[in-house]
Amino acid sequence: MCAWNDDQKKGLFVLIEGLDGAGKSTQARKLVDRLRGAGRDAIYLREPTNGPWGQKIRQIAVHGRDGVTREEELSCFINDREEDSRQNIIPALTAGKIVVMDRYIPSNMAYQGALGFDVKVIAEKNRHFPQPDIIFFLDIKPEEGLKRVEDRGGANLGFEKIEFLKEVYRIFNGPGFEMMIRLDATQGMETVGDQIWNRVSPLLGKRGLA
Ligand code: TMP
């Protein structure tokens, strides 16, 4: 288990969350580009990762959950996060970098919560990982998000079925997610990007990264 205390954080940890099709990856990458353009040391990370656990998760997404219990699925996500924290997140935050993360603990709570786990239990299992300084939730209705995913070629459908997504969305809007800053993801890409920037840039000064 990773030994981490958020006091060790020298950098800044920004998280972008939302349903698939909300524009998370685009916004996370745009933010990294903008930070780098302003001379900051920023990195883009995503979960599930491309490591062994992340690959196993993607296989479940492609081939379906047949034969994989929800406990095994949850363990895969936690193991992936364990490895990501140890190899990528903690070293970057300790070195004073800005980590821009595309999905993290809230996705775990909402998606595995929709599989029937108690959201509080999932939060507890994730307590020892580095916690984000700021979390954005790019808000899009499940139907609209799914339509966008299908329009771009329909990746990820193993996890992104409409009834399941509606439950994920309901959980994302329920107790335990109050700290997220909600942005309307149906606004233009530039508008959302500016709203994120306007919230992140003041934090750089506070962390001595300005
Ligand atoms: P991606 O499309 O953003 O790569 O995410 C792949 C899927 O993984 C997505 O449907 C959300 C899901 N997911 C979980 O179920 N639990 C988690 O902890 C994370 C990080 C993602």
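Only a predicted model underlies this, so the values are computations on that prediction, with no experimental measurement involved.

Comments concerning the packing of aromatic side chains
A full pass over the atoms with the stated rule returns five aromatic pairs. Measuring from ring centre to ring centre gives 5.1 Å for Phe13 and Tyr104, while their planes differ by 65 degrees; the resulting arrangement is edge-to-face. On the criterion of sequence distance, the pair formed by Phe13 in strand S1 (residues 12-18) and Tyr104 in the loop between strand S3 (98-102) and helix H4 (105-114) is long-range, its members being 91 residues apart. Taking relative accessible area as the criterion, Phe13 reaches 0% and is therefore assigned buried. Since its relative accessible area comes to 1%, Tyr104 is described here as buried. Here Phe137 and Phe172 contribute two aromatic rings whose centre-to-centre distance is 4.8 Å and whose plane-to-plane angle is 45 degrees, an arrangement assigned as tilted. Taken as a pair, Phe137 in strand S4 (residues 134-139) and Phe172 in helix H7 (residues 162-172) lie far apart in primary sequence, 35 residues in all. Judged on exposure class, the residue Phe137 and its partner Phe172 are both buried. One aromatic cluster is present, formed by Tyr111, Phe137, Phe164, Phe172 and Phe177 through successive ring pairs. When the ring centre of Tyr44 is taken as reference, the NZ or CZ atom of Arg29 above it lies at 4.0 Å. If you follow Arg81 out to its NZ or CZ, it ends over the ring of Tyr104, 5.4 Å from the centre.

Considerations on H7
All of the buried residues in H7 are Phe164, Leu165, Val168, Tyr169, Ile171 and Phe172. Down the axis of H7, the buried side of the element spans an arc of 160 degrees, and every buried residue falls inside it. What points out from H7, more than 90 degrees from its buried face, is the exposed set Glu163 and Arg170. Against S1, H4, helix H5 (119-125), S4, helix H6 (142-151) and strand S5 (181-184) lie the buried residues of H7.

Focus on the pattern of salt bridges
Enumeration according to the criterion identifies 16 salt bridges in this entry. Between Glu167 and Arg170 there is a salt bridge; the shortest N-O distance is 2.8 Å. On the criterion of helical spacing, the pair formed by Glu167 and Arg170 is a turn pair, its members being three residues apart in helix H7.

Considering the side chain of Asp20
Within the secondary structure, Asp20 sits in the loop between S1 and helix H1 (24-37). Separated by 3.4 Å, the side chains of Asp20 and Arg103 make a polar contact. In this structure the side chain of Asp20 is engaged in a polar contact, spanning 3.2 Å, whose partner is the side chain of Arg152.

Structural notes on the nonpolar core
If you look at the biggest cluster of nonpolar residues, it comprises 61 residues, and the most contacted ones within it are Ile98, Phe136, Leu138, Phe172 and Ile196. Ignoring any residue separated from it by four or fewer positions in sequence, one finds Phe136 in contact with Val14, Leu15, Ile16, Glu17, Ile181, Leu183, Ile196, Arg199 and Val200.

As for helix H2 (residues 52-63)
Residues separated by three or four positions in an α-helix point in the same direction, a consequence of the helix having 3.6 residues per turn. With 12 residues, H2 should cover 16 Å at 1.5 Å per step; its first-to-last C-alpha distance of 17 Å lies within 8% of that length. Residues of H2 that are buried include every one of Gly54, Ile57, Ile60 and Ala61, and no others. Buried residues of H2, seen end-on, are gathered within an arc of 115 degrees and therefore sit on one face of the element. Counted as exposed and oriented over 90 degrees from the buried face of H2: Pro52, Val62 and His63. Along its buried surface, H2 packs onto helix H3 (70-94). Phi turns positive one or two residues past the end of H2, at Gly64, with a value near 90 degrees.

Re the sheet that holds S3
Read across the open sheet, the five strands follow the order S2-S3-S1-S4-S5; overall the sheet is parallel. The open sheet has two edge strands with one neighbour each: strand S2 (42-46) and S5. If you compare each strand with its neighbour and ignore which way they point, the axes differ by 20 degrees on average. As defined by bridge partners, S4 adjoins S5 across four bridges and the pair is classed as parallel. Across the sheet, Phe136 pairs through a bridge with Ile181, a residue of S5. Along the sheet, H7 contacts S1, S4 and S5; its crossing angle with S4, the most-contacted strand, is approximately 135 degrees.

Rules used in this analysis
Residues numbered from 1 in each chain as written. Predicted model: local features only at pLDDT ≥ 70, side-chain atom pairs only at ≥ 80, totals over all residues. Heavy atoms only, no water. Phe/Tyr/Trp six-rings, centres within 6.5 Å; stacked < 30°, edge-to-face > 60°. Helix = DSSP H or I, 4+ residues; strand = E, 2+ residues; numbered from the N terminus. Buried < 20%, exposed > 50% of the residue type's maximum accessible area, 1.4 Å probe, protein only. Lys NZ or Arg CZ within 6 Å of the ring centre and 35° of its normal. Arc of directions from axis to C-beta. Contact = heavy atoms within 4.5 Å. Salt bridge = Lys/Arg side-chain N within 4 Å of Asp/Glu carboxyl O. Polar contact = N/O pair within 3.5 Å; in protein donor to acceptor, adjacent residues only side chain to side chain. Core = buried A, V, L, I, M, F, W, Y, C linked by side-chain atoms within 4.5 Å. Expected span 1.5 Å × (residues − 1). Pairing = 2+ DSSP bridges. Axes fitted to C-alpha atoms, helices over the stretch in contact; angles between N-to-C directions.

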